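Spelled out from the first residue to the last, the chains are:
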Amino acid sequence: MNKNNNFSLTHLERLESEAIFIIREAVAEFGKPVMLYSIGKDSSVLLHLAKKAFAPGRIPFPVLHVDTGFKFSEMIDFREKMREKFDLDMIVEKNMSKEAQSFGPEDAHSEEYIFHKKTTPLLKALEENEFDAAFGGARRDEEKSRAKERIFSHRNVDGVWDPKNQRPELWNVYNSRIKKGESMRVFPISNWTEFDIWEYIKRENIEIVPLYFAQKTKLLDRNGVLVRVDEYNVPKEGEKIIEEMARFRTLGCSPSTGAVLSEATTLDEIIEELRQSTISERGTRAIDNNKDSSMEDKKREGYF
């Protein structure tokens, strides 16, 4: 049997093949694509797939990171390391308006913070650079509104997503037609699960931010979320610092991203921990838990 036959591929090989096909298809169809880079594990996998898709050449499009100013310091260090390692054409966008800069760490979970610190600079960067397609690392298993997304997800001239007006996707045929000013969000790893991500990271030996591995960490329990004590999370009167082995399943802004108690210090231990987990990875993200429609509302405004 031909080893390249799809029926002979493993589960991870099929996912990889599909993702690389989607990336190449988007680059062929759109004039000016960009890749959103959040610095998390999914972005690391997406970056790795883009590298494989165009090897031995450079990734032929820029990567865009929206910096809120409240990211974990380890994430920013890792971003710069990847910029140099892969010779990336990287754009770092930050909303420096007076309104955006008025938000403090205590606001990091609010709708207004997300709109001004994340959505607004994202839409500004897409418009100013005239990007007509933006790759993202969202997966359908993360959250119910993300499950509604198509792989090629249409956005109107204002960057708005309409979940009731989506295009059909039959097999691997994607509709890339857009009018002037419109754009497409493209999700190559949409069909992957969190478990697939970690299995692939292990198989491909992909470098990730060290915060994903358990280590002794000083934590504060704030409204049921274990936030790390750092320059953004300072103990308030009456708050008690605990020190436990903990890691992060997802990475975002430090004040709104909770750690999980864990002893998993290796990829194998993380994978085994996931086998036994019944809690969504985004259950530790305060920004997702404001209300049931929170993520869908954000996506309608232009958030990824």
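Because the structure is predicted, anything quoted here is derived from the model rather than measured. (Residues numbered from 1 in each chain as written. Predicted model: local features only at pLDDT ≥ 70, side-chain atom pairs only at ≥ 80, totals over all residues. Heavy atoms only, no water.)

**Details of the overall build of the protein chain**
Stated precisely, the cut-off is as follows: Helix and strand definitions here come from DSSP, where helices need a minimum of 4 consecutive H or I residues and strands a minimum of 2 consecutive E residues; each element is numbered from the N-terminal end. Only the C-alpha atoms count toward the radius of gyration. The rule for a globule is 2.2 Å times the residue count to the power 0.38. Burial here depends on accessible area, computed with a 1.4 Å probe over protein chains only, as a share of the maximum for the residue type. Under 20% is buried, over 50% is exposed, and the range in between is partly exposed. Here the open area of atoms and residues is found with the Shrake-Rupley method and a 1.4 Å probe, where only the protein chains shown may cover a residue. Positive charges come from Lys and Arg, negative ones from Asp and Glu, while His and the chain ends are left out of the count. Here the site of a charge means atom NZ of a Lys, CZ of an Arg, CG of an Asp or CD of a Glu.
Secondary structure assignment for the protein chain yields eight helices and ten strands. Expected size for 304 residues packed as a compact globule is a radius of gyration near 19 Å; at 19 Å, the protein chain falls within 12% of this value. Its C-alpha atoms give the protein chain principal-axis dimensions of roughly 60 × 50 × 40 Å. The burial tally for the protein chain puts 52% of its 304 residues in the buried class. Of the accessible surface of the protein chain, which amounts to about 14,900 Å², a share of 49% is contributed by carbon and sulfur atoms. If you average the places of the 48 positive and of the 54 negative side-chain charges in the protein chain, the two averages end up 3 Å apart.

**Concerning the sheet that holds strand 10 (residues 260–261)**
The line we're drawing: A pair of strands is treated as paired once DSSP finds two or more bridges between them.
Strand order in the open sheet made by the four strands is 8-7-9-10, with antiparallel pairing throughout. With partners counted over all chains shown, the strands left at the sheet margins are strand 8 (225–228) and strand 10, one partner each. Pairing between strand 7 (residues 215–222) and strand 9 (residues 242–247): five bridges, direction antiparallel. Opposite Lys 216, over in strand 9, you have Met 245 as the bridge partner.

**Structural notes on the packing of aromatic side chains**
As a reminder of what qualifies: Whether two aromatic rings pair depends on their centres lying within 6.5 Å, for rings of Phe, Tyr and Trp, where Trp uses its six-membered ring; planes under 30 degrees apart make the pair stacked, over 60 edge-to-face, and the rest tilted.
Under the criterion given, the structure shown has eleven aromatic pairs. Aromatic side chains Phe 21 and Tyr 174 sit 6.5 Å apart centroid to centroid with 45° between the ring planes, which places their arrangement in the tilted category. Here Tyr 174 lies in the loop between strand 5 (152–155) and strand 6 (183–186) and Phe 21 lies in helix 1 (residues 11–29), a separation of 153 residues in the sequence. Judged by relative accessible area, which is 32%, Phe 21 ranks as partly exposed. Given the relative accessible area of 10%, Tyr 174 is considered buried. On the numbers, 5.3 Å between centres and 75° between planes, the contact of Phe 70 with Tyr 232 is edge-to-face. Of this pair, Phe 70 sits in the loop between strand 2 (63–66) and helix 3 (73–85) while Tyr 232 sits in the loop between strand 8 and strand 9, and the two are 162 residues apart along the sequence.

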